[in-house]
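Residue-level listing of the chains:
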Amino acid sequence: MFMKKLLSKTRAATDKYNMLGQNEKIAVGVSGGKDSLMLLRLMAAMREFHPARFQLAALCLDPCFGGIPSDYSGIEQMCRQLNVPLIIKRSRLGEIIFEERRESSPCSLCARMRRGILHNMALEAGCTRLALGHHMDDAAATFWMNLTTGSRISCFSPVTYLDRKGITLIRPMLFCRESEISAAAKRLALPVMKSRCPADGCTERASAQATIRALEKQYPALTERIISALQQGNLSGWGK
């Protein structure tokens, strides 16, 4: 039931925004959190029936927080069951951000560095597209952050072509709510890894999501209304 509903919404998003190219190889960025693992599960399921007939590869970038490699054994087993090749890259990202640079606001720099490494990993794996696990709540939070702290009305795009890299970023779960993903992840017993990031739960995004949840008590369906506004206004490519 949970899986069927999420799969239907994922198919709707990929078809609306033409996210899947014919016979392409798509990389799925897997952090170990519930969102990226559910994305991998959904993409693997859709691979079996979608007319695009695409291939998949799972990419894990390990920041090695505290200089300690993460244990991806659960994800390795999941990828074997799904018949999806898994590529794990160890990095010094955690050390650079928190020990060498000692960033007081580490999220922005970390995100930029992670994106750059993931883009290169995808290209090295022969992938033309990189699927990211952003969902509807992430989109609403990004819109809210851009409005309240960036003084602009915008959001990330459903599909983004990076001309310098020659790779396309896609976000297939944009029509899925985080609550649906969380419930399905628990039901399916996905091998979710607890985040080892020192800044986990203390980010600007977490604060924005908490604000929207509080506002939804007074304005029900606020998240859905933000997405509808993005689509009707054709902001950041949402109306296509």
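Numbers given for residues are sequential positions, taken from 1 along each chain in its written order. Note on the predicted model: pLDDT of at least 70 is required for a residue's local features to be given, and 80 or more for side-chain atom pairs to be given and counted; whole-chain, interface and lining totals, by contrast, use all residues. Side-chain figures throughout are based on the complete set of non-hydrogen atoms in the structure, without hydrogens or water.

### Structural notes on the overall build of the chain
Across its full length, the chain holds nine helices and six strands. The globule rule used here is 2.2 Å times the number of residues to the 0.38 power, and the radius of gyration it is set against is calculated over C-alpha atoms. The C-alpha radius of gyration of the chain comes to 17 Å, within 12% of the 18 Å expected for a compact globule of 240 residues. Reported as C-alpha extents along the three principal axes, the dimensions of the chain are approximately 45 × 45 × 40 Å. Burial classification: accessible surface area is computed with a 1.4 Å probe over protein chains only, and a residue below 20% of its type maximum counts as buried, one above 50% as exposed, and the rest as partly exposed. Across the 240 residues that make up the chain, the buried fraction comes to 47%. A contact between two residues is defined here by any heavy atoms of the two lying within 4.5 Å. Relative to all contacts within the chain whose residues are 6 or more apart in sequence, the contacts with residues 24 or more apart total 76%. Placing the 34 positive and 21 negative side-chain charges of the chain at their respective mean positions leaves the two points 4 Å apart. The numbering of helices and of strands both runs from the N terminus, where a helix is a DSSP run of H or I of at least 4 residues and a strand a run of E of at least 2. A residue counts as positive if it is Lys or Arg and as negative if it is Asp or Glu; His and the chain ends are not included. We put the charge of a Lys on NZ, of an Arg on CZ, of an Asp on CG and of a Glu on CD.

### Structural notes on the packing of aromatic side chains
Centres within 6.5 Å are what make two rings of Phe, Tyr or Trp a pair, Trp counting through its six-membered ring; a difference in plane orientation under 30 degrees is then read as stacked, over 60 as edge-to-face, and the rest as tilted. If you walk through the whole model with that rule in mind, you get two aromatic pairs. Ring pairs connect the aromatic residues Tyr17, Phe175 and Trp238, which therefore count as one cluster. Only lysine NZ and arginine CZ atoms are considered, and such an atom sits over a ring when it is within 6 Å of the ring centre and within 35 degrees of the ring normal. Lying across the ring of Phe156, Arg171 places its NZ or CZ 4.5 Å from the centre.

### Describing the pairing of strand β1 (residues 25–29)
Note on strand geometry: in a regular strand, side chains alternate between the two faces of the sheet. Taking burial as the measure, the five residues of β1 include four buried ones, the bulk of the element. Pairing of β1 with strand β2 (residues 55–62), which is carried by five bridges, proceeds in the parallel orientation. Bridge pairing links Gly29 to Leu59 in β2. In this fold, β1 hands off to helix α2 (residues 34–47), which returns the chain to β2; that crossover is right-handed. Here β1 runs beside strand β4 (residues 129–131); their pairing, made up of three bridges, is parallel. Its bridge partner lying in β4, Val28 is registered against Ala131. Here, a strand pair is defined by DSSP locating no fewer than two bridges between the strands. Seen with its strands pointing away from the viewer, a crossover is right-handed if its path from the first strand over the helix to the second goes clockwise.

### A closer look at unusual backbone geometry
The phi dihedral of Ser151 falls on the positive side, at around 55°, and the residue is not glycine. Classification of Ser151 by relative accessible area gives exposed; the value is 70%.

### Regarding the pattern of salt bridges
By definition, a salt bridge exists where a carboxyl oxygen of Asp or Glu is found within 4 Å of a side-chain nitrogen of Lys or Arg. The final tally for this structure, using the stated rule, is eleven salt bridges. Of the charged contacts, one joins Lys5 and Glu180 as a salt bridge, the two residues approaching to 3.3 Å between their closest N and O atoms. Placement of Lys5 in helix α1 (residues 2–16) and of Glu180 in helix α7 (residues 178–187) is noted, with a sequence separation of 175 residues between them. One salt bridge in this structure joins Lys34 and Asp35, with 3.5 Å as the shortest N-O distance. Classification of Lys34 by relative accessible area gives partly exposed; the value is 21%. By sharing partners, the salt bridges in this structure join Asp137, Arg177, Glu216 and Glu224 into a single network.

### What about the environment of Leu118?
Looking at where Leu118 falls in the secondary structure, it is placed in helix α5 (residues 107–124). Its relative accessible area of 11% is what places Leu118 among the buried residues. For Leu118 and Leu61, which are 57 residues apart along the polypeptide, the C-alpha to C-alpha distance reads 7.1 Å. Excluding its chain neighbours within four sequence positions, the residues that come into contact with Leu118 are Leu59, Leu61 and Leu130.

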